[in-house]
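What follows is each chain in one-letter form.
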Amino acid sequence: MTRRASGKSCWAAGAIGTGPPAGYCAPPRRDPAPTGGPAPSPGDSNGSGLRRRGARVAAPTPGPRPPGNTRSLGPARRAAAAALGSLLRIPVRSRPFPAPRRENSASLTMSVDIHYEQLSDARWKELLPLMQQQQVVRLVDCGITEAHCQDMSSALRGNPSLTELDLCNNELGDRGLRVLLQGLHGPTCKIQKLNLQNCCLTEAACGTLPDVLRALPTLRELYLSYNPLGDLGLQLLCKGLLDPQCRIEKLQLEYCNLTAASCEALAEVLRTKRDLKELMVNSNELGESGVRALCQGLANSTCPLESLKLESCGLTSANCQDLGSIVAAKASLCELYLGNNRLGDAGITELCPGLLSPSSQLKTLWLWECDITASGCRDLCHVLRAKESLKELSVAGNKVGDEGAQLLCDTLLEPSCQLESLWVKSCSFTAACCQHFSTMLARNTRLLELQLGSNQLGDTGVQELCHGLSQPGATLRELWLGDCEMTNSGCSSLAALLLTNRSLRQLDISNNCMSDPGILQLAESLQQPSCTLEKLVLFDIYVSEHTDDRLRALEDSKPGLKIVY
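Residues numbered from 1 in each chain as written. Predicted model: local features only at pLDDT ≥ 70, side-chain atom pairs only at ≥ 80, totals over all residues. Heavy atoms only, no water.

A few points about the overall build of the protein chain
Phase 1 of the analysis: Within the protein chain, the secondary structure is distributed over 18 helices and 20 strands.
Phase 2 of the analysis: Taking all 565 residues of the protein chain together, the buried fraction comes to 59%.
Phase 3 of the analysis: On the protein chain, roughly 21,000 Å² of surface is accessible, and the fraction owed to carbon and sulfur atoms is 51%. (Helix = DSSP H or I, 4+ residues; strand = E, 2+ residues; numbered from the N terminus. Buried < 20%, exposed > 50% of the residue type's maximum accessible area, 1.4 Å probe, protein only. Areas by Shrake-Rupley, 256 points an atom, 1.4 Å probe, with all protein chains shown as cover.)

Here it is, written out as structure tokens:
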């Protein structure tokens, strides 16, 4: 068996569009909607990364399988996950932790909620009557094709209770969608959320959607990501979005093969519509000119935009002054996602005046892999000191180094800094910076989540972190140390920490070089009633079958503990 790096996104054969670049790993989605409609994302996706999910970084080089009778934790679960990944046609966003498991069952109370089940004819006939009754119908990656759409359309036509329809990752196609949407036309339809992510839709489908948007004034959320709609398709869609009857609040168009040519139409929607609260156009080649057009639309808009997601859109430092002006002008804007754009330190300098504006109420700022160094980090620290509203920051995948780490830690010790979540995965940190994190963690009572994965901290660095977290004032709840070059010695430090720390609830030590002795020390601490940890993540750790069985028994004996393999 070959050791596999976990948490990296990939595209299976036949993926729609150009797909993400090699090694793509977005931060987890942080919003409550699913990745095609809340993970995270922050990719976690996800995304997630997220998530929510850290930075777009190359996967670690796989290491050799340890000698002896060893195996990766949870091989059956790994095999199932690998098989699932090969079936999906969209990138699997990395998440902070795996999404909650969904049962393949149709609830007789309020929803039909089925994921990743290829539906037989008998199963399909069984579900159709339920679709006529339930408020929520989710059939995610269930092998639904154009041939099923007439049946579903008839069933939904007779359902006045329907508020959500989620059909992502099914091959509906343009003709199938046209038939399906006929079931949503009618005075009794009260649908609020429609998820058509990765449904093999093209420009032709966008000729159908405007009529639906006009006919469904109750529709608030529309998810069309991972469909190659193109610029012409987007322009058709915008005609429906501009209709006075359309009241869309959330619109997601990630990986839709859009360019700058789409942005004038989107800008007109932003100028005209007073309901839009979230716009996601991640992973489209909008470029400088396209984003400039969007900013101009927002500048003249009264829409109460709360979330703007422009990750992987070809932005540069030239866009940052406009974006800063939008942040300053839009007091409603709470989330700004700019990851995987080459902003550089110069761009951060241009962005920060808007972030520092008294009217700015930004809570979440994602700047993963934006070519930021310690210089840009210094500018961001000024914002953290001045803006108590800012709660989540990601600078993952930027080479801010130990100098940047010290700047961030010093800032987090300031009473005015109210940050609750910090993502600094893959930031070129070494053990030398851990004394600063240790001091900060011992005294800061506001930071709840710290993602330090993929930094060369080693056992010495982990020991320093544990020293800070063992202090009585430590309040951190989630700590991620995946791929930090930790061995059994680091496990010893963490095992001792778990016996004294009362705040930590989730710990990720995936893809490190520990073995049976280290894992067994952790298990011994987890077994103690005084240990309050609720989730331990151990992806890509190889141990003996005996230790694997020990962990399973531990999980069974302690219902409040989840060990994620």
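A word on unusual backbone geometry
Phase 1 of the analysis: With phi around 65 degrees, Tyr226 is a residue other than glycine that occupies positive phi space.
Phase 2 of the analysis: Relative to the assigned elements, Tyr226 resides in the loop between β7 (221–223) and α7 (230–241).
Phase 3 of the analysis: Of note in the backbone geometry, Ser428 takes a positive phi value of approximately 65 degrees without being a glycine.
Phase 4 of the analysis: Here Ser428 lies in the loop between β14 (421–423) and α14 (434–443).

A short note on helix α13 (residues 401–412)
Because each turn of an α-helix spans 3.6 residues, side chains separated by three or four positions end up pointing in the same direction.
Phase 1 of the analysis: Its 12 residues give α13 an end-to-end C-alpha distance of 17 Å, which sits within 8% of 16 Å, the value for a rise of 1.5 Å per residue.
Phase 2 of the analysis: Of the residues making up α13, those classed as buried are Gly401, Gly404, Ala405, Leu407, Leu408, Cys409, Thr411 and Leu412.
Phase 3 of the analysis: Against α12 (374–386), β14 and α14 lie the buried residues of α13. (Expected span 1.5 Å × (residues − 1). Contact = heavy atoms within 4.5 Å.)

So, the confidence of the model for the protein chain
Phase 1 of the analysis: Across the protein chain, the average pLDDT comes to 84, with 81% of residues at or above 70.
Phase 2 of the analysis: Throughout residues 1–109 the model reports pLDDT below 50, and contacts reaching past four residues in sequence, or to other chains, amount to 374 contacts. (pLDDT = per-residue confidence, 0-100.)

Observations concerning the pattern of salt bridges
For side chains bearing opposite charge, pairing can occur when the charged atoms are close.
Phase 1 of the analysis: Throughout the structure, instances matching the rule amount to 18 salt bridges.
Phase 2 of the analysis: We note a salt bridge from Arg214 to Asp243, for which the minimum N-O separation is 3.2 Å. Taken together, the positions of Arg214 in helix α6 (residues 209–215) and Asp243 in the loop between α7 and β8 (250–252) put the pair 29 residues apart, joining distant regions of the chain.
Phase 3 of the analysis: Residue classification places Arg214 among the partly exposed positions, given a relative accessible area of 35%.
Phase 4 of the analysis: By relative accessible area, which is 16% here, Asp243 ends up buried. (Salt bridge = Lys/Arg side-chain N within 4 Å of Asp/Glu carboxyl O.)

Side note on the pairing of strand β4 (residues 136–140)
Phase 1 of the analysis: Burial analysis of β4 places five of its five residues in the buried class, the great majority of the element.
Phase 2 of the analysis: Residues Val136, Arg138 and Val140 point to one face of β4 and Val137 and Leu139 to the other, with burial holding for every one of them.
Phase 3 of the analysis: Two elements, strand β3 (residues 111–115) and β4, share five bridges in a ladder whose sense is parallel. Following the sheet pairing, His115 is matched in β4 by Val140.
Phase 4 of the analysis: Between the parallel elements β3 and β4, the chain passes through helix α2 (residues 121–131) in a crossover that is right-handed. (Pairing = 2+ DSSP bridges. Right-handed = clockwise from strand over helix to strand, strands pointing away.)

A look at the packing of aromatic side chains
Phase 1 of the analysis: Scanning the model with the defined rule gives five aromatic pairs in all.
Phase 2 of the analysis: Taken together through their ring pairs, the aromatic side chains of Tyr337, Trp366, Trp423 and Trp480 make up a single cluster.
Phase 3 of the analysis: It is Lys309 that lies over the ring of Tyr337; its NZ or CZ is 5.0 Å from the centre. (Phe/Tyr/Trp six-rings, centres within 6.5 Å; stacked < 30°, edge-to-face > 60°. Lys NZ or Arg CZ within 6 Å of the ring centre and 35° of its normal.)

Focus: the pairing of β3
Look at any regular strand and the pattern is simple: side chains alternate between the two faces of the sheet.
Phase 1 of the analysis: Here β3 lies mainly inside the structure; five of its five residues are buried.
Phase 2 of the analysis: Neither face of β3 is exposed, since Ser111, Asp113 and His115 on one face and Val112 and Ile114 on the opposite face are all buried.

Observations regarding the packing of helix α11 (residues 344–355) against α12
Phase 1 of the analysis: Where α11 meets α12, the axes come as close as 9 Å, and the angle between the chain directions of the two elements is 5 degrees. By the angle between their axes, α11 is roughly parallel relative to α12. Between α11, through Asp345, Ile348, Thr349, Cys352 and Leu355, and α12, the contact on the second element is made entirely by Ser375, Gly376, Asp379, Leu380 and Val383.
Phase 2 of the analysis: Its residues assigned to classes, the contact of α11 with α12 comprises five nonpolar, three polar and two charged. (Axes fitted to C-alpha atoms, helices over the stretch in contact; angles between N-to-C directions. Parallel < 35°, antiparallel > 145°, perpendicular 65-115°, else oblique. Nonpolar A, V, L, I, M, F, W, Y, C, P; charged D, E, K, R; others polar.)

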